Amino acid sequence: MLEILAQTGFNALYAASYISLVAVGLVLIFGVMGVVNFAHGELFMAGAYAVVALYADLHMPFLVAVGIGLAFVGLLGLLMERALFRPLRDNPLGGLVASIGFLMILQSLAVMGFGVRMEHIPPVTQDVIAFSEKVRLPVARLYVIIAAVVLLSALWFFLKRTRFGWALRASAQDPEAAALQGISINQTARIAMFIGAGLAGVAGALTAPLVSVNPFMGHSVIITAFIVIIVGGVGSLEGAIIASVAYAFIHTVVTTFWDGVLADIVGLMLMLIVLIVRPTGLMGSADRA
Amino acid sequence: MPKVVPWFALLAALIFLPHVLSFSQQEILVYLAINVLIVTSYRLLTLTGEWSLAHVVIMGVGAYASALLTKMFSVPVPVSILLGGVIAALVALVLSVPLFRMKGFYFLIGSFAAGEIIRLLWKRFREPFGGPKGIKGIDPMPDFSIGIYDFDFFEPISYFYFAAIVVAVCLLILWRIEKSPVGLTFHAVHWQDKLAQAAGVNVRAYRTLAFTIASGFAGLGGALLAHYVGTINPNSFDVEVMVFVLTWAIVGGTATFYGPILGCVTLTILNEVVLREMGFEQARPLIYGLILILSILFMPKGLESLVQKLKPGRKSAVPVERAAE
């Protein structure tokens, strides 16, 4: 029993790592741009396909493929900012529809470029750290956990300790006051979109060898991310990370002892309960809704 | 009587149109009739200012309810379709208790969660919902004759006529509701909710009322669909379908009664007929996505704004509320 719990703990930690990368990006975009990016799951998918193309097909080193994946998806984010979200800044429903349009385009491009089949990606490493007979942590998963910790720490440092970070948080709190202080709204929007999209892309790239990569994989990712950002409080990065860990543990435990569909139901119930108790999310405020 | 002429023209077109279409296009026409009801009922709900992502699942509630009523209790099909609508409305009434604690973005996400939970329950419980495979072999409408026309529901044309009549009656009711004092209060709740509250309007009760009525008609639409296709499963009502309804409403525009209908008909014809005929089978979602983006960028007020430009001198349907925006 203890062994199963320990194993579940490792699985949950791995899930929490990539979920928090995706959710933090989504929160950042929502906070700064005020738009719900429905295409966020497809940015995750685009990162995974970058690894398919560069690592599996062109045999580049894995880390190079992940790095290019991050930059590529970050650029997709910049494209979305310039072409969609900037012209639609005062139209949140419009931004939502535009991101749905972008989602369909990305999905369709993936289908045309790679087909609907599941991609096979050779494992990065077969090594396993075995604590005991039943408690085993594959090193490939450990890499994802380490990468998430490093990237999120870097983001935290960037937001709390640099001038750009200050500007970003100021525009998330009050765009007009920030603009009056000489902070360029377009500049902060660009940075937020690049980082937010890039984090989703790097999460997709890192997990690509460990999950089934297909053009429609973004669907479940975005649902999970929504649950996490609601439970954590929209606009709160720390909340998103804490909620990712909590959600991953609950989901993994329910999946291990019962089944996956029930785990999804439990996750959604959790979100609904949070919304009923605190109709504006745990740490969110009403005025950005 | 010049006002009636366009209506007769429309009626004549709807009667003759299916006869010049291919079999698969006739099927699209049946779906289109049902989708017009879904998107119009969705607009009633958005009148109060809240955008739900549960509408298609509620439609599914009607479909499942009607299918199960005929299968388990041998309820005759036309009755079960009506009951499907009633049950969908009741489910919505229950859902509205937690959901209308939220507003705006939180309502959007909350309604999505509530809808997904219902959908996953269908998936999880094989009894009575049939699990992931859903319900198969749903009873079709029984054939009948009205003297001048024999309804043979093996033919899409017959089902199209039947569905179109039901949908037309529903649209008429929805139209009457919107023009009634209750409907005007829905507008007030959206654009002036503080003022309405101060004037003694129970804002939450009106939101609940709009949600329940809209859901009842969506359930009816779902039941119509179930007895036409004969098989339903949880994926028939997933968020992808909801996205289509949402985009029909937004691309069409929701300020007028006909806006969402315009959006639904235009986008469906573009997607299902024009792009298919032009041979863009694989790239269809890509082009559809591009159309969505371009229309929201260059036509933010929807297709209905084009119609209003074509008719100078006629005022917008909701001039007072627009000014308050």
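Quick caveat, the model's predicted, so the values are computed rather than measured.

Here we take up the overall build of chain A. Each helix and strand in chain A was counted, giving 11 helices and two strands. Counting from the amino terminus, chain A carries its helices and strands in the arrangement α-α-α-α-β-β-α-α-α-α-α-α-α. Against the compact-globule benchmark of 19 Å for 289 residues, chain A has a radius of gyration of 19 Å, which places it among compact chains. On the principal axes, the C-alpha backbone points of chain A span a range of 60 × 45 × 35 Å. Residues classed as buried in chain A amount to 54% of the 289 residues present. Counting only contacts in chain A whose residues sit at least 6 apart along the sequence, the fraction spanning at least 24 positions is 75%. For chain A, the computed accessible surface area is about 12400 Å², with 68% contributed by carbon and sulfur atoms. For chain A, the distance from the average position of its 14 positive side-chain charges to the average position of its 14 negative side-chain charges is 8 Å.

All names here are of chain A. Following the UniProt record, one finds the feature "transmembrane region" (unreviewed entry) at residues 12–38, 58–80, 92–116, 140–159, 191–211, 223–250 and 257–277. Taken end to end, residues 58–80 has its terminal C-alpha atoms 28 Å apart, with 83% of it in helix and 0% in strand. Between the end C-alpha atoms of residues 257–277 there is a gap of 28 Å, over a span that is 90% helix and 0% strand.

This part takes up helix 3 (residues 55–73) of chain B. All names here are of chain B. Taking 1.5 Å of rise per residue, 19 residues should cover 27 Å, and helix 3 covers 26 Å from first to last C-alpha, within 8% of that figure. Within helix 3, 16 of the 19 residues are buried, leaving the element largely enclosed by the surrounding structure. Just beyond helix 3, the residue with positive phi is Ser74, at close to 50 degrees.

Counting through the fold element by element, Thr185 of chain B comes out in helix 8 (residues 181–191). Leave out the neighbours within four places in its chain, and Thr185 of chain B touches Val201 and Tyr206 of chain B.

To continue, consider the interface of chain A and chain B. Across the contact, 45 residues belong to chain A and 38 residues belong to chain B. It is Val97, Met104 and Leu268 of chain A that lose the most area in chain A upon contact with chain B, and together they represent 15% of the buried surface on that side. Between chain A and chain B we count one salt bridge in total. Asp259 of chain A is the partner of Arg124 of chain B in a salt bridge, and the nearest nitrogen-oxygen pair spans 2.8 Å. The interface formed by chain A and chain B contains three residue pairs in polar contact (both at pLDDT 80 or more). Elements represented by at least two residues in the side of chain A that touches chain B include exactly helix 3 (62–85), helix 4 (92–114), helix 9 (218–232) and helix 11 (260–277) of chain A. Counting residues per element, the side of chain A that touches chain B draws most heavily on helix 4 of chain A, at 14 residues.

The way to describe two aromatic rings as a pair is by their centre distance and the angle between their planes. Residue and element names in this part refer to chain B. Going through the model one piece at a time under the given rule, you end up with 22 aromatic pairs over all chains. For the ring pair Tyr64 and Phe129, a centre distance of 6.0 Å and an interplane angle of 80 degrees mean the geometry is edge-to-face. Of this pair, Tyr64 sits in helix 3 while Phe129 is found in helix 6 (residues 126–129), placing the two residues 65 residues apart along the sequence. Taking 5.2 Å as the distance between ring centres and 80 degrees as the angle between the ring planes, the aromatic pair formed by Trp175 and Phe257 counts as edge-to-face.

Residues and elements named next belong to chain B. Domain boundaries assigned for chain B yield domain 1 (17–237) and domain 2 (239–325). Centre-to-centre, using C-alpha coordinates, domain 1 lies 21 Å away from domain 2. Domain 1 puts 27 residues into the contact, and the matching count from domain 2 is 25 residues. Together, the buried faces of domain 1 and domain 2 total about 2300 Å²; carbon and sulfur atoms form 79% of this surface. When the buried area of domain 1 at its contact with domain 2 is split by residue, Val39, Arg43 and Trp191 rank highest and sum to 27% of it. Counting the contacts that link domain 1 with domain 2 gives zero salt bridges. Where domain 1 packs against domain 2, one counts two residue pairs in polar contact (both at pLDDT 80 or more). Counting only elements with at least two residues in the side of domain 1 that touches domain 2, the list comes to helix 2 (23–46), helix 3, helix 7 (156–179) and helix 8. The dominant element in the side of domain 1 that touches domain 2, judged by the number of residues it contributes, is helix 2, at 11 residues. Split by residue class, the side of domain 1 that touches domain 2 holds 16 nonpolar, nine polar and two charged.

Definitions and limits used
- Residues numbered from 1 in each chain as written.
- Chains lettered and ligands numbered in written order.
- Predicted model: local features only at pLDDT ≥ 70, side-chain atom pairs only at ≥ 80, totals over all residues.
- Heavy atoms only, no water.
- Helix = DSSP H or I, 4+ residues; strand = E, 2+ residues; numbered from the N terminus.
- Rg over C-alpha atoms; globule rule 2.2 N^0.38 Å.
- Buried < 20%, exposed > 50% of the residue type's maximum accessible area, 1.4 Å probe, protein only.
- Contact = heavy atoms within 4.5 Å.
- Areas by Shrake-Rupley, 256 points an atom, 1.4 Å probe, with all protein chains shown as cover.
- Lys, Arg positive; Asp, Glu negative; His and termini not counted.
- Charge placed at Lys NZ, Arg CZ, Asp CG, Glu CD.
- UniProt positions renumbered as here; feature names shortened; annotations may be inferred.
- Expected span 1.5 Å × (residues − 1).
- Buried area = accessible area lost by both parts, 1.4 Å probe.
- Salt bridge = Lys/Arg side-chain N within 4 Å of Asp/Glu carboxyl O.
- Polar contact = N/O pair within 3.5 Å; in protein donor to acceptor, adjacent residues only side chain to side chain.
- Phe/Tyr/Trp six-rings, centres within 6.5 Å; stacked < 30°, edge-to-face > 60°.
- Domains from an automatic or database assignment.
- Nonpolar A, V, L, I, M, F, W, Y, C, P; charged D, E, K, R; others polar.

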